[in-house]
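What follows is the residue order along each chain.
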Amino acid sequence: MTDHQLLDAAAKAAGYALSADGLMRWDDADAEFMVWNPLHFNAHAFELMVDCGITFRNFGHKVTAVGKTQCDEYVNNDPFGASRRAIVRAAAET
């Protein structure tokens, strides 16, 4: 699955409406478009995790996000990147 497909599936699971580029969502509170990419922004990944009811565990060398399925990512010198990807994958599979 490409990053674009992953983001699209995760957004749909959280109830977000994305534009064609897959990186924007409609923010009803402000009535404007804003950049949304939980693969790159920690706050967006955290929001996605909460919206989808995902639990998260950090084991040091790997991280695990659990929604309907368990998604593991190995840290490989980027614990935040691995965490964001695990969360997005878990959301995409809900």
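Residues numbered from 1 in each chain as written. Predicted model: local features only at pLDDT ≥ 70, side-chain atom pairs only at ≥ 80, totals over all residues. Heavy atoms only, no water.

## Considering the sheet that holds strand β4 (residues 62-66)
With antiparallel pairing, the 3 strands of this open sheet are ordered in space as β3-β4-β5. Both edges of this open sheet fall to β3 (55-58) and β5 (70-74), since each of them pairs with a single strand only. Across this sheet, the average inter-strand angle for adjacent strands is 15°, counted without regard to direction. Across 5 bridges, β4 lies against β5 in antiparallel orientation. Considered in β5, the bridge of A65 is made with C71. Packed on one face of the sheet, helix α3 (residues 79-92) meets β3, β4 and β5 and runs near 160° to β5. (Pairing = 2+ DSSP bridges. Helix = DSSP H or I, 4+ residues; strand = E, 2+ residues; numbered from the N terminus. Axes fitted to C-alpha atoms, helices over the stretch in contact; angles between N-to-C directions. Contact = heavy atoms within 4.5 Å.)

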